[in-house]
Each structure stands twice: as structure tokens, then as C-alpha cells.
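# Chain and residue survey
Listed below, chain by chain, are the residues.
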Amino acid sequence: MGITRQYVFPILRLVVWAVIAAALVKIAFTGADLEPPDALQPTGEITDSIIEVSTATVTNSVVVPASVVADAPVEVKATAVGKVSEIVAADGAVGVDAEVLRVRLEEPREPLVKTDPTTGEQTMTERKPKITVTTIKAPIGGTLDVTVLKDQEVSVGDTIGTITPGSLSVSGTLTAEQQYRLVGAAGEAQVTLKGGPAPFTCTGLTIGSAAPGAGADPGADPNATTTGAVRCAIPGGVTAFPGLGAEIEIVNGNAEDAVVVPVSAVLGSSQTGKVWVVADEGAEPEEREIKLGLTDGSKIQVTEGLAAGDMILEFTPLADKTEGGPDCDDPSAYEKLTINGDLEAAQAYQEACFG
């Protein structure tokens, strides 16, 4: 054993190092042998993700971040020209249609001319001016603040005071996508106040254009462009405070047993769109126009152009005929899928973007 350790092992080690050194010299001066060119060609194949059109219930529910705001004072306008003859209501609380002030207008009248039939002599009699008194009433109830003085001349449309209603509303801003989903919505909505009472129904829901320079409400997507505004009145029995955070949930339609597809499969999100139908296995996808209905943000109703059982691409193709897939540069999209409970779409996002 001592001879093996002393002589055999060192000789074998030298032989191994000699072989390695010879191989390195050969590679350095002659280059390594490579496989034929075909061995470097990619052998993977990109396949389209194909899904089957199904049916489901779609509820078009839009949740809007909002805040509690005090309703703005309402101007009281003069409805006649003349002079303020009497201020009826003192500053303070007034009811709707309460008399605020009176406007008096004196209009001169032509004198009466009487001709004597015998002598032809004319007699002129002056007449008193025509007096018109118009009463201006409060358009709403609230706290009145009269801004004109007695005997002040006013014209039609002049502001003669303001009434602060003392009521509260919930106001939020809308993105273009939300505005499309809320076309035709009116009436009422469900409101949740942060740190406040249980959710309640607000009335007088209005949806319109955003005020110039309006910013998004707290909690809204900072990257979204504000294009619209939503507002509804808080009932009198609900305790709230201006500036309090809130959420407005608006349900604008419900469709049961509707033909639905993922929003990722449709080019377009309102009224009309396009999908890519796979008629037979292995066939090229064919573009097809469809009509769209309600959407819940993850799936969308197809009212015309598709039937349950049709096979389509899960993602809309790009110009180079490859599938677009989820937008990996938009991490908020993954959060929305998770919040909405769309686990299948969330898993597809993970596989495509997170590996």
C-alpha cells in the first residue's frame, strides 16, 4: 500500500494533468469541434392558447373611489327687472319656495286724451304708472344669505343671494373605461364610508364630464386619465363629514347564462369588438367581428357573433400574428385579477410575466 501511495498515485495524477494540458493546447490552436449547423437551430414551437367560449352570469358592477363633499351653495336669481322694494326673509334658515324679496317695477303710461265732440278741444289726463311687483322665492331649503339692498336696481338673472343647503354628497371621478361601462346608469348606488356606518343607498345618481383640472380621488389609479365624474346624495339620516373617504358601487346591468369570453380575447371593450376564431384544430385563426354587452372587468358578454362551444384565441394577436398576452409592464393588472378572484387569468399572468 505504501508503494501505491508513493509511486502509483503521483504518476496517475501527472498523466491526467498531461491529458488535460494536451486537450487545452489542441482547442487553443485548432478550435473545438461543433455539431452540424442544424444542431444549433431552435427546435421549440410557439403554440397559440386556445379556449372554448362558455356561458356565465355577468354583473356590470363598477366601484369608484370617492369622497364626501358639502353641496355647493345655490344662487338665488332675480326673475324680473326693477327695484328691490322689500326684503321679506332675513338671513338664516328658509324653506323651499319661501318668499325672499320683492322687486317693484314702475312703467310710465301714456296720458288719456279726450276730444270734445262739439268744440273739438282735446283734454289730456295724466295716468299713474303701471306697477308690477314680482316675488322672488327660494329654489331650495337651507341657509339664506341675501346679497342685495333695499331700493337696489336689479335685472333678470342677477344674483340676489345664495342658499347653502347644508347637505352632503359623495363625489368621485371616472376613467374612460368606467364611463363606457356606466352608459345609461342612473337612479341610485351603494356607498361605503371609510370608518363610517354600514353601506347605504344614495339617491340622485348623476354621471357627467369631469370638471376642468379635476384630479383623481384618493385611491384611484394615478396612471388613469380622468374623463368623467359621478355624484350622488347622502340621505339625511346618515352621519358623514366632508373629506371622508368613500367608495361608490354602481351596478349597471346583470346578464344570466350569457355567452362570455375573457376580456383578453377581445379587441375592443364596448359595443363592438373582434375575436380570432379557430375553426379546426391546426387551422389559422380567423378574425371575426362581434357585438359586446356587459362586462365585469375580467370577462365580457358577447351578444352577437359567437356561440358557446366556439374555439377562440385567449389573447388578441398582434400585427406579427403572435399572441399579445398580458401586459407585463402593468403590475396593477395582476392585482386586479387577484382582487376579482379570477385565479385562472392570474395564473396565466404569472406564467407569462413571472416565469
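Residues numbered from 1 in each chain as written. Predicted model: local features only at pLDDT ≥ 70, side-chain atom pairs only at ≥ 80, totals over all residues. Heavy atoms only, no water.

Turning our attention to the environment of Val 277. One can find Val 277 in strand β19 (residues 272-277). Classification of Val 277 as buried rests on a relative accessible area of 6%. C-alpha separation for the pair Val 277 and Ile 51, spaced 226 residues apart in sequence, amounts to 9.7 Å. Excluding anything up to four places from it in sequence, Val 277 contacts Glu 284, Pro 285, Glu 286, Arg 288, Leu 306, Met 311 and Ile 312. (Helix = DSSP H or I, 4+ residues; strand = E, 2+ residues; numbered from the N terminus. Buried < 20%, exposed > 50% of the residue type's maximum accessible area, 1.4 Å probe, protein only. Contact = heavy atoms within 4.5 Å.)

On to the pattern of salt bridges. Within the structure shown, the criterion is met by nine salt bridges. For Glu 86, the salt bridge is made with Arg 102, and the minimal N-O distance between the two is 2.7 Å. Here Glu 86, found in strand β4 (residues 82-87), pairs with Arg 102, found in strand β6 (residues 99-107); they are 16 residues apart in sequence, far enough to count as distant. A salt bridge links Lys 299 to Asp 296; the nearest nitrogen and oxygen atoms lie 2.8 Å apart. With a relative accessible area of 23%, Lys 299 lands in the partly exposed category. Residues joined in a network through salt bridges with shared partners are Glu 86, Glu 99 and Arg 102. (Salt bridge = Lys/Arg side-chain N within 4 Å of Asp/Glu carboxyl O.)

Let us look at the environment of Asp 97. Inspection of the secondary structure puts Asp 97 in the loop between β5 (92-94) and β6. Put simply, Asp 97 and Pro 139 are 42 residues apart on the chain and 5.9 Å apart in space, counted from C-alpha to C-alpha.

One pass over the structure, following the stated rule, counts one disulfide. Each sulfur of the disulfide joining Cys 202 and Cys 232 lies 1.9 Å from the other. When the S-S torsion is -90°, as for the bridge of Cys 202 with Cys 232, the disulfide is left-handed. With Cys 202 in strand β15 (residues 200-209) and Cys 232 in strand β16 (residues 226-233), this residue pair connects regions lying 30 residues apart in the sequence. The exposure class of Cys 232 is buried, given its relative accessible area of 2%. (Disulfide = S-S within 2.5 Å.)

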